Amino acid sequence: MRKTFIFLLIFLTVFLANSVFSQNFLVEYKFDFKADEPIYNYQLLFNDSLSIWRNLGDVEKESKLWDVDAKKDYFIYKKNASQKLYDHCSLSGKIFHYEDKLNLFRWKLISKTKTIMNFKCNAATTEFRGRTYTAYYTTEIPISNGPWKFGGLSGLILEVSSDDGKYTYSAVKIIKNVKFKINNNLELGNTYLQWEDYKKEFISFHKRRAKQQKAKYGGGMSFKFRVETMEIKVEIEE
Amino acid sequence: MLHFLLCPFISVSQTIKGTIKNEKGEKITTASVIIRDSLRAEDIREFVIARNGEYSITLQEKYERFILEITANGYTKEFVAFGSIDKEITYIRDFVLVAESEQIEQITITAKKNPFSINEDTTKFDVQGYADGTERKIEDIIKKLPGVQVNEKTGEIKYKNKSIETIKLDGDDLFGGNYSIGSRNINVDMVEQIQAIENYSDNPLLKGIENSEKVILNLKLKKGVDVSGDIDFGNGLMAGKKFARDVGSTILAVTKKYKAFGSLSYNNIGVNQTPFNYFDSYNYNSEQAKDRDFFAQKLIPEYGFSSVLDENRVNINQTLFGSYNQTFKLGKKTNVKSGLYYTSDNIQSLQEFVNNIQIANENIKISDLNDISKQPILYSGDTQIKINTSSSSLLEYKASLKQENIFTKSNLIQNDSNFFASTLRSNNFYYKQTFMFTQKISERKALQIFLNQASDKLSQTFTFTPAIFQTDTHKQENQKAFSEKNTFQSKVLLLGSNSKKQKYTFALGVNLEQNPIQSSFEGETQNGNTIILQEFQNDFVYKENKFFNELSYRFFIKKWRFTLFNTFNFLQQTLLEQSKTTIFSEPSVSLYHKLTSISSINLSYNYNRKPFTEEYFFTNAIFQSIRQRTKNTPSLEFTKSHISNLNYQINDLYNQFLLILGTNYNITEGNYFSDYNVETKTTQVRFFYLPENTKTWSSYLNIE
């Protein structure tokens, strides 16, 4: 009984120590994808072992800024222990959970440098799922992470943009030593699809939708349907 | 041997590995292992992420010497210098990192926001990025925006050296040319963003066809503003125990179909929040300047308060101003916009001039003490109806009405003994109607028909007590002047463009103008009789009929833009017995070159000929002030001007730098000159025409 008690006490202390004293960061990113109202604000909450990426628009009040409610918020969860990231997406109301490798990027270091928010940044480029990206990362924050799925460099990525100019993430705020609470287990799905399977589901879902649209409006006219995300491109022409 | 053959495909590289722990001996969860050329090198050559306290890096390149750097969150950096290392040996190097001193407080670092963004023709400015907290009305922010110049007197706003057409609210035109009502009265905290839109086409049917260099500002209001208003109070005490007041209230209502802005203000501290300016003799705001051709000329000029100091805070006024602007949609096709304005003021000035002259042993003191008060009252209203008659045609009707009465009283005491009082009453009634129809003929061609009709009636009475001309017999004298202008204009315009490189227009039009002018000077005798002095009577009509053809052509080649414009005129003038017909051309040409994304150079030349306006046509004198009467020897000649301009502009928004360097060279042929005939009591000025040349050369430099 006493042994269990001491064991629990040590476990609790270590657990608390890890969640409170391991340096936690909150970085706010601006996402520009060249639409009419192009700016969305995202948040990356991270420390040595995990990170959560979510849309600030989902967070209602200032007081809940550091709390993550795994059941309600949309987020991408990166877990160092399993070297995987977990994401989910809703297609017509049905939620698909999928997992992807954490090390998705083959970076090529280039000798450009830039100062962002007083942090000296180095540059690297990569080709990822159909697009080339240039990222600026700082070794002054030596945690290998970045906005969205990006990561794998020797420091935090503060800015990354696609070379075709369509997508840009840039850090606008960095808060050190933030205390955050996670409500509910982050691994929500019962089963996780692999990325390739999820991609197939996405494409076939949109192909079905395109057929529906055509049946509704198409008639005898030629029909062009296109859906594009950062990673997937679906183009249907009939 | 076999081994040797296989070897070339096996990369013989240098490998370094080891453990990364902290001072307690614990493995560090994650760390970065970086290879640099030298200690001070900024570039990173290679790297690897170390997990669970272990790392292993195999160098891809060959180095003479390199630095191996270990960084981990919460620990100080460690690095080791390596010379050239052998290929076949794996080096083992363990690291023990020292924890950084514990920092528990939260530290926030924020990026400096770029307060603006550019998207093709629109530049968006975030209001917060330019505010420092002292601004009240949106004009205070507009002044600070890069590339924007605001004329403090008239409220005129220029963007990149071009006057703006209007200020829209969330895409709706509420104020028209009287946009200073918006800029001077809308509060800063109602506005989220200010957009400057270039190459603006007021008429959506002409987008891409019209050669437009127009610029407008669009205010994006903060979300959730449905109805908002504010009331401002400013109270104080001025010298002489007069209460200083600055009271204003505004109300703004914004819904999808209806937008309205109303303002009411009163102040006596010299601030002008109205779009009108009565401080000067005349000073047209941009809306009035457009209609200047339709206004009758004032034969007796109004009083202008000149001051050595800045106009602001020098005038003593009592300005009451009210305005109401609204725009709403009637059904799907019709949009109605209307505005009502009222202003009244009492501008006062007390001026004393003392001259001490020493001649021989005599001291002569000449003094003038002038007490003036100018009281204008203005009622004006306008309405505009736009109907989308079809998807390719637009019908517009505009009507405006103005009644302006200015009453100026002036009391002059000369040398502490002679007393002169004069009053000037000017009543002006003006109305104008415009009808405009646009039909899009094809994707790149459009036809427009314009009809304008306007009438301006001006009547002035200038009274002098005691008399200034026949001082023995008259106790009071009155100068009366009536001038009227009736205009009818019609124009048919064809516009077209060939792809995006060429744009052209062709127009045919007619302008008919009629100006009846009358004046009389009478004196009231001691017995109460009124005597009209024949030598100061005018009664005539000046007519101008013009038929014209306008042709313009604009084309782009790479970064160059050429514009050619020509007006061919047939002008008929009639004055008294004289009649004259003139046929002439007015060409103009301009060349624009974009040097870089932020700088450009512009060269232009134009030639124009203008007949003189009616105030040079009355032959019998009109008394314009206590000391001066004016008459003319009229001429139907024209003034001919050659105007050329060269300017260089840099507009760098990112670094907030604006530079305009320019030079003008103008030659004017033919102008009215004056000769002065000084008599004992008054001075007679006579204007006459001389075909003299005046050459002016000027340069200007504007840096912000």
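Thresholds applied
- Residues numbered from 1 in each chain as written.
- Chains lettered and ligands numbered in written order.
- Predicted model: local features only at pLDDT ≥ 70, side-chain atom pairs only at ≥ 80, totals over all residues.
- Heavy atoms only, no water.
- Salt bridge = Lys/Arg side-chain N within 4 Å of Asp/Glu carboxyl O.
- Helix = DSSP H or I, 4+ residues; strand = E, 2+ residues; numbered from the N terminus.
- Buried < 20%, exposed > 50% of the residue type's maximum accessible area, 1.4 Å probe, protein only.
- Contact = heavy atoms within 4.5 Å.
- Buried area = accessible area lost by both parts, 1.4 Å probe.
- Polar contact = N/O pair within 3.5 Å; in protein donor to acceptor, adjacent residues only side chain to side chain.
- Nonpolar A, V, L, I, M, F, W, Y, C, P; charged D, E, K, R; others polar.
- Pairing = 2+ DSSP bridges.
- pLDDT = per-residue confidence, 0-100.
- Core = buried A, V, L, I, M, F, W, Y, C linked by side-chain atoms within 4.5 Å.

Draft legend 1. Representation of the pattern of salt bridges within the structure. Counted according to the given criterion, the structure contains 34 salt bridges over all chains. Arg129 of chain A is paired through a salt bridge with Glu231 of chain A; the nearest N and O atoms lie 2.5 Å apart. Linking Arg129 of chain A in the loop between strand 9 (119-128) and strand 10 (131-138) with Glu231 of chain A in the loop between strand 15 (224-228) and strand 16 (233-237), this pair joins segments that are 102 residues apart in sequence. Look at Arg129 of chain A and you get partly exposed, because its relative accessible area is 25%. The exposure class of Glu231 of chain A is buried, given its relative accessible area of 11%. Linking Lys329 of chain B and Asp172 of chain B is a salt bridge whose minimum nitrogen-to-oxygen distance equals 4.0 Å. Highlighted residues: Lys329 of chain B in strand 22 (residues 319-330) and Asp172 of chain B in strand 15 (residues 172-173), separated in sequence by 157 residues. Looking at Lys329 of chain B, the relative accessible area reads 37%, which means it is partly exposed. Looking at Asp172 of chain B, the relative accessible area reads 14%, which means it is buried. Among the charged side chains, a network of salt bridges with common partners joins Asp100, Arg129, Lys149 and Glu231 of chain A.

Draft legend 2. The arrangement of the interface of chain B and chain A in detail. With 29 residues of chain B at the contact, the number on the chain A side is 35 residues. Of the roughly 2,700 Å² buried between chain B and chain A, counting both surfaces, carbon and sulfur atoms make up 51%. Three residues stand out in chain B for area buried against chain A, namely Phe47, Asn73 and Ile109 of chain B, and they jointly supply 24% of the buried area on that side. Seen at the junction of chain B and chain A, the total is zero salt bridges. Applying the counting rule to chain B against chain A returns four residue pairs in polar contact (both at pLDDT 80 or more). At the level of elements, strand 2 (30-36), strand 3 (46-51) and strand 9 (107-110) of chain B are the ones that each hand at least two residues to the side of chain B that touches chain A. Of the residues belonging to the side of chain B that touches chain A, the class tally is nine nonpolar, ten polar and ten charged. Examined bridge by bridge, strand 12 (residues 168-176) of chain A and strand 9 of chain B share four bridges and lie antiparallel to one another.

Draft legend 3. Region of interest: the environment of Asn119 of chain B. Of note, Asn119 of chain B is situated in strand 10 (residues 116-119). With 78 residues separating them along the chain, Asn119 of chain B and Ile197 of chain B place their C-alpha atoms 9.8 Å apart.

Draft legend 4. Region of interest: the pairing of strand 8 (residues 108-116) of chain A. Residue and element names in this part refer to chain A. In this sheet, strand 9 lies alongside strand 8 in antiparallel orientation, the contact comprising seven bridges. Note on strand 9: the bridge partner recorded for Lys114 is Cys121. Between strand 8 and strand 9, which pair antiparallel one after the other, the connecting turn spans two residues, and Met117 there sits at a positive phi close to 50°.

Draft legend 5. Molecular detail of the confidence of the model for chain B. All names here are of chain B. Residues with a pLDDT of 70 or more make up 94% of chain B, whose mean pLDDT is 85. When mean pLDDT is compared element by element in chain B, strand 28 (residues 445-465) scores highest at 94, while helix 1 (residues 2-6) scores lowest at 39. Between residues 1-10, whose pLDDT stays under 50, and residues either more than four places distant or in other chains, the model counts zero contacts. For this predicted complex, the interface confidence score (ipTM) comes to 0.80, while the overall pTM stands at 0.65.

Draft legend 6. Geometry of the nonpolar core. With 43 residues, the main nonpolar core has Phe150, Leu153 and Tyr169 of chain A as its most contacted residues. Elements that contribute at least two residues to this core include exactly strand 1 (25-32), strand 2 (39-46), strand 8, strand 9, strand 10, strand 11 (156-162) and strand 12 of chain A. Examining the composition of this core, we find that five residues originate from one element, strand 9 of chain A, more than from any other. Not counting the four nearest positions on each side in its chain, Tyr169 of chain A is found in contact with Tyr29, Lys30, Phe31, Tyr42, Trp53, Pro147, Trp148, Phe150, Leu158, Glu159, Val160 and Met230 of chain A. By size, the runner-up hydrophobic cluster in this structure holds 42 residues, among which are Val150, Ala196, Leu221 and Ile372 of chain B.

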